[in-house]
Structure formats: C-alpha cells, structure tokens
Amino acid sequence: MKITEHIASAKSTLFSFEILPPLKGASIKELLGSIDPLMEFNPSFIDVTYHREDYVLKKRADGSYDRISTKKRPGTVAICAALQNHYKIDAVPHLICGGFTKEETEDFLIDLHYLGIENALVLRGDQEKGEERFIPKPGGHAYANELVAQVHAMNQGILLHEETESLPTNFCIGVAAYPEKHFEAVSLEEDMRYLKQKVDAGADYIVTQMFFNNQHYFDFVDKCRAMDIHVPIIPGLKPLATARQLDILPEIFHLEMPEALATEAKKCANNAAIKQVGIEWAVQQGKELIQAGVPALHFYTMSKSDSVHAIASQLF
Ligand code: FAD
C-alpha cells in the first residue's frame, strides 16, 4: 500500500520509523530484534536507508596502502523485501542519486517493482567522503528533483531508452525537506523553491529532517502551504540519547538544539539519564504534533529501538 493511501485512510496520526541496514558482516537477526518490540505500535511503514560506497585503507605487504571502495551497509533492497515478507508491512527503500547512473537507477527500480515495493524515498545523498561537494556519477543525477522525474516517468511507462506498457510501475514518491534549511542552500526560501520543484516533478509526500523545536516544523508547513505545496509533510523525530549528540547532531544535521533541552541534559550524571530526558522531550514534541494533526510521527531509530519504544508507548 502507498504511504499516501495509509495517510488518507488513517483516523489518527500514524507511527513509522527508519532503520539502517546492518554493518557488513552483522546478522539481520539483530536488526529484526530491534524492530520486533516496535511492532506492538502497528507501524504503517518502515524506511530503510541507503548507504553509498565508502573507502577503507588496506595495508599492503610493503607497508603502503590500497584505497578500497566498499559499501559498509549494503542490503537496502533485500532488507525491504525481508521486512515486507516477515512483518507484512510496507517498507520504504531510500533511493539516492550518488553512485548511480540513470540506467543503474532504472534497474534498481525494476528490482523494487518485482519485489512488490510500492514506495521510495527519493534523495540526492551526500558528497562522498573526502569530497567537498556532491559530485554525481557520470550519467547520474545531480539533484533529487531529477531522480523524482525519472521515477515519475517510469510510473508513466517511460523508460530511459524504450517505452513500455508492460511495466507500469506505480511508486509513491517521498522526498526530504529541511525545516531549518539544508546546509548547502543560501536561504530557506531558495531551499523551498527546490523542494517545490521536487513536488512539481511528482513527489507525493515529504519527510522532514529531525528537529527538536516544533515551531520550526509548524512555520515550515505554513510556508509550504503558502507556496502551493500541498502534499502531506511528515515530521521526523529523533530522541536525544547521549551527551555527545548535544554537539554532534547540530553539527551533522545543521539544526537548533533548544537551550532548555541542552540544559536538562547537561545536568545528567550519565547517558542513561540523558536518554530519559530525550524520551521525555520527544514525548512532549509528539503530543504537540499529534494535537496539531500531523499525518505521522516518523522516528529515526538509528536501529536502536529502546527510546522509540518508550516514546511510542506514551503516544500510541
Ligand atoms: P536535493 O533536494 O537535491 O537538495 C540538495 C541541495 O541542493 C539543497 O541545498 C537544495 O536547496 C539544492 N538544490 C536542490 N535542487 C537543486 C537544483 N535543481 N539546482 C540547484 N540546487 C538545487 N542520505 C543518504 O545517503 N541515504 C539515505 O538513506 C538518506 N536518508 C535521508 C532521509 C531523510 C528523511 C533526510 C531528511 C535525509 C536523508 N539523507 C540520506 C540525507 C540527504 O541525502 C542529504 O541531506 C543530501 O545532502 C540532500 O538530499 P536531498 O534529497 O534533500 O537533495
């Protein structure tokens, strides 16, 4: 079922979450073990992130190093198929521009279609490690709006090099948005113009970057509606869990860490106490968002479900 159909038929705010494929070599059992406790809250869908290739240095016998390209978290498509099979729940693979030619993207989408996967979150991806800015693979897409257009064209039966009536895919297309602005954009207004381009290219819904101050989300939704962006906007939430995240989350995701949350967290003697503060903060965020009638609360679990379980048990 499509995410937009879940939203349209819902009587109240839905629960969903995002997981990461395990590190290469780890068992899928651990991943399923982190998902199992969340099933009691009837998630409507589970997102699975996509991770492009990274580099590792491998020492040669002569002491010099080889730079080896490797994917540290492969398996997005297979995990989606396993989730749909195991839990009978809609899995949403993330699809990125980085590292893909358009032809490779087309084949990836055909795999998804054959597996009965009807949703995809369409993203650009970040720059490769060591690069200053995002560089598309030759023959690939430079921005997410182009990738949205490719998926949308495929939904009309238009492939890259042939037209077909035998493969009408019907992907529901999600895209990312940043209530506090994407870090590369010069202004939120410019960033939102590009967001509108993604919606005009065929995106059916939006998922936001995490935020800890709901006002950013509410202001952002108002601005979207004023710009004629009318698709559902799903808020993304991540509970604070460690002292380190007080600095690292704003640094990586370019977001505001509210003073009140930081002050409470800094009073804590250890990470277990910070985790509890993070849970309480996210519960308050969730209550206010549900009250405002948001379509779903989407949690970034980082494949650790204990905080999200504690939050969901108070909200759903
Ligand atoms: P875009 O929409 O392409 O925007 C990128 C930047 O370019 C923005 O600054 C925008 O303003 C600008 N821009 C957009 N279109 C144009 C244009 N046509 N011309 C000029 N400028 C333009 N990354 C992963 O690698 N894997 C994941 O699984 C993953 N999941 C994510 C899930 C969510 C919910 C979110 C919010 C992010 C996720 N990311 C993931 C991170 C994401 O890939 C990065 O934030 C990336 O830097 C931007 O992706 P985007 O799709 O928003 O890009």
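The following refers to the structure shown. In every chain, residue numbers begin from 1 and rise along the written sequence. Residue-level local features of this predicted model are given only where pLDDT is at least 70; pairs of side-chain atoms are given and counted only at 80 or more, and the full residue set underlies all totals for whole chains, interfaces and linings. Note that the side-chain values use all heavy atoms of the structure and ignore hydrogens as well as water.

With that out of the way, let us pick up the overall build of the protein. Only DSSP runs of H or I with at least four residues qualify as helices, and only runs of E with at least two residues qualify as strands; both kinds are numbered from the N terminus onward. Looking only at helices and strands, the protein features 11 helices and 10 strands. Each radius of gyration reported is based on C-alpha atoms, and the globular scaling rule is 2.2 Å times the count of residues to the power 0.38. Computed over the C-alpha atoms, the radius of gyration of the protein is 20 Å, within 12% of the 20 Å expected from 2.2 N^0.38 for a compact globule of 316 residues. The C-alpha extent of the protein, read off along each of the three principal axes, is 60 × 60 × 45 Å. Accessibility here uses a 1.4 Å probe with only protein chains present; expressed as a share of the type maximum, an area under 20% marks a residue as buried, one over 50% as exposed, and anything in between as partly exposed. Burial analysis of the protein (316 residues in total) assigns 50% to the buried set. By sequence separation, contacts in the protein at least 24 residues apart represent 75% of the contacts at least 6 residues apart. Roughly 15,200 Å² of accessible area belongs to the protein as shown, and the carbon and sulfur atoms make up 51% of that amount. By definition in these notes, contact holds between two residues if any of their heavy atoms fall within 4.5 Å. We get accessible surface area from the Shrake-Rupley algorithm with a probe of 1.4 Å; when it comes to residues, only the shown protein chains can shield them.

Before going further, it helps to spend a moment on the site of the ligand. For this description, a residue counts as near a given molecule or strand if any of its non-hydrogen atoms is within 4 Å of it. In the region of the ligand, 25 residues are neighbours, and Asp-126, Tyr-178, His-182, Asp-191 and Lys-198 sit closest. N or O atoms closer than or at 3.5 Å make up a polar contact, with two conditions inside protein: a donor-capable atom paired with an acceptor-capable one, and, for residues adjacent in sequence, both atoms drawn from side chains. A distance of 2.6 Å separates an oxygen atom of the ligand from a polar atom in the side chain of Asp-126. One of the side-chain N or O atoms of Tyr-178 is found 2.7 Å from an oxygen atom in the ligand. Among the elements of the structure, β5 (90–96), β6 (119–123), α5 (144–155), α6 (188–200) and β8 (205–210) are those that each provide at least two residues to the shell around the ligand.

With respect to the helices, strands and loops of the structure, Ser-44 is situated in the loop between α2 (28–35) and β2 (45–48). Excluding anything up to four places from it in sequence, Ser-44 contacts His-6, Leu-14, Phe-15, Ile-89 and Asp-90.

Before going further, it helps to examine unusual backbone geometry. Notably, Asp-228 is not glycine yet its phi reads approximately 70°, a positive angle. With a phi angle near 55°, His-254 is a residue other than glycine that sits in the positive phi range. Here His-254 lies in the loop between α8 (245–253) and α9 (259–266). Judged by its relative accessible area of 35%, His-254 falls in the partly exposed class.

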